[in-house]
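Below are the chains, spelled out letter by letter.
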Amino acid sequence: MDGTASKEPAATESPVFAMRFTSSPRGARLARHLTECRMAEWGYPRASDTSATVSLLVAELAANAVQHGRVPGRDFHLRLTLDVRTRLIRIEVDDASTRRPRFGSETVAGPEDESGRGLLLVAVLATRWGTLPRTPVGKTVWAEVAGDPPQAP
């Protein structure tokens, strides 16, 4: 296994899922898979729009952490938080690189390019997103999604 999950809070609190993953394609895939499982536990089945959006955002941010934020010997960290009052889901991916993601006019993907559109997807799908410096080193790329009402388990 690539890490250990954080302890679950009481049902009346905002639930949190946090885990460290190896900075590899396998780690990124596992982050997405565990996100889908956690979203289902929180009342958002895999087929729901909210779960699909959060999973896609996690996949993109984790892939970016692996491809662009990787520092040898350092893992990336994923944290999901669901605000039970507002249904706002916050995704945070930490990596060890201080290099900020490039987006918009800084990168232009051609029609035949196989990469270069990931942050465009993040900007379109997320309610809002951004980056923060991380202490002692690295950065956090975060995105927020306004979730639909969860379904009963």
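So, here's what we can say about the structure. As the structure is a prediction and not an experimental result, all values here were calculated from the model. Counting starts from 1 at the beginning of each chain's written sequence and moves along it residue by residue. With the structure being a predicted model, the display of local features is reserved for residues of pLDDT at least 70 and the display and counting of side-chain atom pairs for 80 or more, all residues being used for whole-chain, interface and lining totals. Working from all heavy atoms in the structure, the side-chain values ignore hydrogens and water.

**Looking at the pattern of salt bridges**
Logical step 1: Any carboxyl oxygen of Asp or Glu within 4 Å of a side-chain nitrogen of Lys or Arg constitutes a salt bridge here. Using the criterion set out here, one finds eight salt bridges in the structure.
Logical step 2: For E36, the salt bridge goes to R32, with nearest N and O atoms at 3.5 Å. Highlighted residues: E36 and R32, both in helix α1 (residues 25-41), separated by four residues, approximately one helical turn.
Logical step 3: Two residues, R85 and D83, come together in a salt bridge whose shortest N-O distance is 3.8 Å.
Logical step 4: We call a residue buried when its accessible area falls under 20% of the maximum for its residue type, exposed when it is over 50%, and partly exposed in between, using a 1.4 Å probe and counting protein chains only. Classification of D83 as partly exposed rests on a relative accessible area of 21%.
Logical step 5: Overlapping salt bridges bring together R90, E92, R128 and E144 as one network. Numbering of helices and strands runs from the N terminus; a helix is a DSSP stretch of H or I covering at least four residues, while a strand is a stretch of E covering at least two.

**Focus: the sheet that holds strand β1 (residues 16-21)**
Logical step 1: Pairing within the open sheet is antiparallel, and its five strands lie in the order β1-β2-β3-β5-β4. Each edge of the open sheet is held by one strand with a lone partner, namely β1 and β4 (128-133). Strand-to-strand twist of the sheet, defined as the mean angle between neighbouring strand axes without regard to direction, takes the value 15°.
Logical step 2: Being paired, for any two strands, means DSSP has found at least two bridges between them. Across seven bridges, strand β2 (residues 76-83) lies against strand β3 (residues 88-95) in antiparallel orientation. Its bridge partner being in β3, T81 is matched across the sheet by R90.
Logical step 3: Two residues qualify as a contact provided that any one of their heavy atoms is within 4.5 Å of a heavy atom in the partner residue. Geometry is summarised by axes, namely lines fitted to C-alpha atoms with helices restricted to the contacting stretch, and by angles between N-to-C directions that run from 0 to 180 degrees. Set on the sheet, α1 makes contact with β1, β2 and β3; between it and β1 the angle comes to about 165°.

**Some points on α1**
Logical step 1: How far a helix is expected to stretch is found by multiplying one less than its residue total by 1.5 Å. Taking 1.5 Å of rise per residue, 17 residues should cover 24 Å, and α1 covers 25 Å from first to last C-alpha, within 8% of that figure.
Logical step 2: Of all the positions in α1, only G27, A28, L30, A31, L34, T35, E36, R38 and M39 are classed as buried.
Logical step 3: Tucked inside the fold, the buried residues of α1 contact β1, α2 (49-67), β2 and β3.
Logical step 4: Positive phi shows up at G43, right after α1, with a value of about 100°.

**Side note on the nonpolar core**
Looking at soluble globular proteins, one finds that nonpolar side chains tend to be buried together.
Logical step 1: We define the nonpolar core as a collection of buried residues of types Ala, Val, Leu, Ile, Met, Phe, Trp, Tyr and Cys that are connected through side-chain atoms lying within 4.5 Å of one another. Core analysis: the biggest nonpolar cluster contains 30 residues, and F21, V54, F76, L78, L80 and I91 have the highest contact counts within it.
Logical step 2: Put simply, the parts of the chain that give this core at least two residues each are β1, α1, α2, β2, β3, α3 (118-125) and β5 (139-146).
Logical step 3: In terms of residue count, the dominant contributor to this core is α2 (seven residues).
Logical step 4: Apart from residues no more than four positions distant in its own chain, I91 is found in contact with V54, L57, V58, L61, L78, R79, L80, V141, W142, A143 and V145.

**Overview of the environment of S14**
Logical step 1: In this fold, S14 is placed in the segment before β1.
Logical step 2: Pairs of N or O atoms within 3.5 Å make up the polar contacts considered here, provided that, within protein, one atom can donate a hydrogen while the other can accept it, and that residues adjacent in sequence are counted only when both atoms are side-chain atoms. At a separation of 3.3 Å, a polar atom in the side chain of S14 contacts the main-chain carbonyl oxygen of L82.
Logical step 3: A polar side-chain atom of S14 sits 3.5 Å from the main-chain amide nitrogen of V84.

**Notes on a nonpolar patch on the surface**
Logical step 1: On the surface, a nonpolar cluster with roughly 410 Å² of combined accessible area is contributed by L56, L120, L121, V124 and L125.
Logical step 2: For the nonpolar patch, the leading source of residues is α3, giving four residues.
Logical step 3: Structurally, the position occupied by L121 is in helix α3.
Logical step 4: Residue classification places L121 among the partly exposed positions, given a relative accessible area of 40%. Patch building starts from residues that exceed 30% relative accessible area and form no salt bridge, then joins like charges within 9 Å and nonpolar side chains (Val, Leu, Ile, Met, Phe, Trp, Tyr) within 5 Å. Using a 1.4 Å probe, accessible areas were evaluated by the Shrake-Rupley method; residue-level cover was limited to the displayed protein chains.

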